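The lines below spell out each chain.
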Number of protein chains: 2
Amino acid sequence: MNTRTLPVALVQERDHGDTDANLAVIEQRVAEAAAAGARLVLLQELHNGAYFCQHEAVSEFDRAEPIPGPSSERLSALAARHRVVLVGSLFERRAPGLYHNTAVVFDSDGRFAGRYRKMHIPDDPGFYEKFYFTPGDLGFTPIDTTIGRLGVLVCWDQWYPEAARLMALAGAELLLYPTAIGWDPSEAADENARQRAAWLTSHAGHAVANGLPVLSCNRIGLEPSPLGSAGIDFWGSSHVLGPQGEVLAMAGTDHPELLLAEIDLGRSESVRRIWPFLRDRRIDAYHDLLKRYRD
Amino acid sequence: MNTRTLPVALVQERDHGDTDANLAVIEQRVAEAAAAGARLVLLQELHNGAYFCQHEAVSEFDRAEPIPGPSSERLSALAARHRVVLVGSLFERRAPGLYHNTAVVFDSDGRFAGRYRKMHIPDDPGFYEKFYFTPGDLGFTPIDTTIGRLGVLVCWDQWYPEAARLMALAGAELLLYPTAIGWDPSEAADENARQRAAWLTSHAGHAVANGLPVLSCNRIGLEPSPLGSAGIDFWGSSHVLGPQGEVLAMAGTDHPELLLAEIDLGRSESVRRIWPFLRDRRIDAYHDLLKRYRD
């Protein structure tokens, strides 16, 4: 059984204004993470700038970059410099008029280990992602690195047990989610509390159902709306969960934070031995999961 | 939108020794539930007797009954007498040598509304269910009643997001789980705390992923092992959750309890409007959910 302990770090940050400023802060945080012993660093969703999906504007496509491109090269160099596996989140320009919300993974020698294009794309007031992001076409495929097989997903994917399960079935050893989720400041406090709790529950549910650790790195801070509404108050709460959904580390809701944790990779198999859920799946009776609705 | 409020009751009980004694207590509790206004009553898994799956003994098959049969007739009469929809859990004798762990639903006029045969069957030390129960062959099909379409599942099913999703896709308005889960008294306290928390997380995760209320009725009390080991200390904690996984009511861990709650059935659609997860499922990319493993 796997008895490795994996030190990890999550960089929960606010927006610092532009790509260069944000990457400069990330470079500083990754240096701190590596100095603290981290071997895997997870960044938040679309860490290069503001969460621009609060409105629909064609000029925002200027933020997109090819992969490889300037930002991916900088992340690659950062991973190599500090000998960490680095998981970033970029606005990918694949072709003129074809863009994705793409997670990128660099191994600890700086090698590009792989990309994941966000499969489930949200669209609701303040999160107009369907305008910007073509749904991913790479499927739910984990990415192999020297520290393990990573099940990298992105934000809205977090609500889909199907995504987590497919990563687990493909041998993912960790589930990782760069996210950008927050409160509507004009919403009632009890509703906002329920939303954050539901988000934590959803991540923990994937850990339990699959017997895997879950890492989620979320943005922090209030970002104003270009449309003049209340904006989004990103709730942070970045977290590392063990394979029973237990909280190993959790960041706060109101400030940037470098969240450190140690994951015992051997616990996943221990947990799966006492709760062997994968053994008993009724794959003969799941066919209707491929339907939109059973009507 | 559905604006109904549904008062529900869960009967969390210890084993009272034999079928007649257990059903007599259930009859009293259902009377109390109806007097308190409940229109739906959920019983715990295998409520007619001890949790006999702590060992493998052919004599235990004597507990099984056909459906319809004496216990189902008694539950039917009970539902009619108090005008409640009643969800029970019986050891079904389908044929000599063919038995199921079966949930039964009676409408408020006593009519047999339908059955669900437990699809996922566990087997681990103290829970030797694969010896007793043939895996269900009725699929994940909700049961229609006058108070709504019920997604009835049983215990081990609770760990499978697939089961909850299939019920939701078939139009279930509530997810209901009779359960029998507890602590090994010889296990470490921290592990036992994680197990109970993971169980609650799993139920809440289904609520969130599907935007549906979840009702889980669990056994309570220490039942000794026929094999001389420490037995099972059923942890109760029966609960009613709203469609964001929020706790509407929860029973304690150490005593029988009639748990009452009111469910706002209109909230499910409100929650699904702000978080339209069903809209964005990638059914084009879920095919491998039908595989045992993606290797």
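Everything here concerns the structure above.
Because the structure is a prediction, the values reported are computed rather than measured.

Asks: Would you mind showing me how to read the relation of the copies chain A and chain B here?
Replies: A rotation about some axis, followed by a shift along it, carries one copy of the chain onto the other. The transform that puts chain A on chain B rotates by 180° and translates by 0.0 Å along the axis, for an RMSD of 0.0 Å. Such a combination of rotation and displacement between the chain copies is what one expects of a two-fold axis. For chain A, the smallest separation between a C-alpha atom and the rotation axis is recorded for Gly205 of chain A, amounting to 2.5 Å.

Asks: Could you clarify how one ought to interpret the packing of aromatic side chains in this entry?
Replies: Residues and elements named next belong to chain A. All told, the structure shown has 47 aromatic pairs over all chains when counted by the stated rule. Measuring from ring centre to ring centre gives 6.1 Å for Phe52 and Phe133, while their planes differ by 70°; the resulting arrangement is edge-to-face. Placement of the pair is Phe52 in the loop between strand 2 (40–43) and helix 2 (70–82) and Phe133 in the loop between helix 3 (129–132) and strand 6 (143–145), with a sequence separation of 81 residues. Comparing Phe52 with Phe133, the two get one shared label, buried. Among the aromatic residues, those joined into a cluster by ring pairs are Phe52, Phe61, Phe91, Tyr99, Phe131, Tyr132 and Phe133. Against the face of Phe234 rests Arg219, its NZ or CZ located 5.3 Å from the ring centre.

Asks: Help me understand helix 4 (residues 161–169) of chain B in this model?
Replies: At 3.6 residues per turn, the α-helix brings residues three or four places apart onto the same side. Residue and element names in this part refer to chain B. Burial analysis of helix 4 places nine of its nine residues in the buried class, which makes it a mostly covered element. For helix 4, every residue scored as buried is listed here: Pro161, Glu162, Ala163, Ala164, Arg165, Leu166, Met167, Ala168 and Leu169. Of the residues trailing helix 4, Gly171 is marked for its positive phi of about 90°.

Asks: Looking at this structure, I do not really get the environment of Thr19 of chain B. What am I missing?
Replies: All names here are of chain B. In this fold, Thr19 is placed in helix 1 (residues 19–35). Residues Thr19 and Gly139 lie 120 residues apart in sequence; the distance between their C-alpha atoms is 28 Å. In this view, Thr19 contacts Asn48, Glu65 and Ser71; residues no more than four positions away in its chain are not counted.

Asks: I tried to follow the interface of chain A and chain B on my own but got confused; where do I start?
Replies: One widely used convention gives an interface's size as the accessible area the parts lose upon coming together. Contacts between chain A and chain B engage 55 residues on the former and 55 residues on the latter. When the two sides are added together, the surface that chain A and chain B hide from each other amounts to roughly 5500 Å², 60% of it contributed by carbon and sulfur. At the junction of chain A with chain B, the criterion picks out six salt bridges. In this structure, Lys130 of chain A and Asp280 of chain B form a salt bridge, with 2.7 Å as the shortest nitrogen-oxygen distance. Counting every contact that joins chain A to chain B gives 34 residue pairs in polar contact (both at pLDDT 80 or more). Sorting elements by how many residues they give to the side of chain A that touches chain B places helix 5 (residues 189–210) of chain A first, with 10 residues.

Asks: Looking at this structure, how should I read the nonpolar core?
Replies: Considering soluble globular proteins, one finds that nonpolar side chains tend to be buried as a cluster. Judged by nonpolar contacts, the single largest core of 117 residues is most densely connected at Leu40 of chain A together with Leu40 of chain B. Filtering out sequence-adjacent residues up to four positions away, Leu40 of chain A remains in contact with Leu6, Pro7, Val8, Ala9, Val85, Val87, Ile147, Leu150, Leu174, Leu176 and Leu215 of chain A.

Asks: Would you mind showing me how to read the sheet that holds strand 13 (residues 239–241) of chain B here?
Replies: Strand pairing within a sheet occurs via backbone hydrogen bonds; the two strands may be parallel or antiparallel. Residue and element names in this part refer to chain B. Across the sheet, six strands lie side by side as 6-7-8-10-13-14; this open sheet has mixed pairing. The sheet is open, and its two edges are formed by strand 6 (143–145) and strand 14 (247–250), each paired on a single side. Strand-to-strand twist in this sheet, taken as the mean axis angle between neighbours without regard to direction, amounts to 20°. Where strand 10 (residues 214–218) meets strand 13, three bridges bridge the pair, whose relative direction is antiparallel. Looking across to strand 13, one finds that Ser216 is bridged to His239. Its contacts with the sheet place helix 5 (residues 189–210) against strand 8 (174–179), strand 10, strand 13 and strand 14, and it is angled at close to 150° to strand 10.

Asks: Just checking my understanding: could you explain the sheet that holds strand 1 (residues 5–12) of chain A for this structure?
Replies: All names here are of chain A. Taken in spatial order, the six strands of this open sheet run 5-4-3-2-1-15, and their pairing is mixed. Here the strands that pair on one side only, and so sit at the sheet edges, are strand 5 (112–117) and strand 15 (257–264). For this sheet, the mean angle separating the axes of adjacent strands, direction not counted, is 30°. Pairing between strand 4 (residues 98–106) and strand 5: five bridges, direction antiparallel. For Thr102, the partnering residue across the bridge sits in strand 5 and is Arg117.

Asks: Help me understand the pattern of salt bridges, please; the structure alone is not making it clear to me.
Replies: A side chain of one charge can pair with a side chain of the opposite charge if their charged atoms are brought near each other. In total, this model carries 52 salt bridges over all chains according to the counting rule given. Note that Glu13 of chain B and Arg29 of chain B form a salt bridge whose closest N and O atoms lie 2.9 Å from each other. Separated by 16 residues along the polypeptide, Glu13 of chain B in the loop between strand 1 (5–12) and helix 1 and Arg29 of chain B in helix 1 bring together distant segments of the chain. Owing to a relative accessible area of 5%, Glu13 of chain B belongs among the buried residues under this scheme. The shortest N-O distance in the salt bridge between Arg117 of chain B and Glu92 of chain B comes to 2.9 Å. Remark: Glu92 of chain B occurs in strand 3 (residues 85–95) and Arg117 of chain B occurs in strand 5 (residues 112–117); sequence separation between them is 25 residues. Look at Arg117 of chain B and you get buried, because its relative accessible area is 6%. Given the relative accessible area of 2%, Glu92 of chain B is considered buried. In this structure, a network of salt bridges that share partners links the residues Glu92, Arg94, Arg115, Arg117 and Asp137 of chain A.

Asks: Is there a simple way to think about the side chain of His239 of chain B in this case?
Replies: Residues and elements named next belong to chain B. Position of His239 relative to the elements: it lies in strand 13. In this structure the side chain of His239 is engaged in a polar contact, spanning 2.9 Å, whose partner is the backbone oxygen of Ser237. Here His239 is in contact with Leu10, Trp199, Leu200, His203, Val214, Leu215, Ser216, Ala249, Met250 and Leu259, once residues within four sequence places are set aside.

Definitions and limits used
- Residues numbered from 1 in each chain as written.
- Chains lettered and ligands numbered in written order.
- Predicted model: local features only at pLDDT ≥ 70, side-chain atom pairs only at ≥ 80, totals over all residues.
- Heavy atoms only, no water.
- Least-squares fit on C-alpha atoms with pLDDT ≥ 70 in both.
- Phe/Tyr/Trp six-rings, centres within 6.5 Å; stacked < 30°, edge-to-face > 60°.
- Helix = DSSP H or I, 4+ residues; strand = E, 2+ residues; numbered from the N terminus.
- Buried < 20%, exposed > 50% of the residue type's maximum accessible area, 1.4 Å probe, protein only.
- Lys NZ or Arg CZ within 6 Å of the ring centre and 35° of its normal.
- Contact = heavy atoms within 4.5 Å.
- Buried area = accessible area lost by both parts, 1.4 Å probe.
- Salt bridge = Lys/Arg side-chain N within 4 Å of Asp/Glu carboxyl O.
- Polar contact = N/O pair within 3.5 Å; in protein donor to acceptor, adjacent residues only side chain to side chain.
- Core = buried A, V, L, I, M, F, W, Y, C linked by side-chain atoms within 4.5 Å.
- Pairing = 2+ DSSP bridges.
- Axes fitted to C-alpha atoms, helices over the stretch in contact; angles between N-to-C directions.

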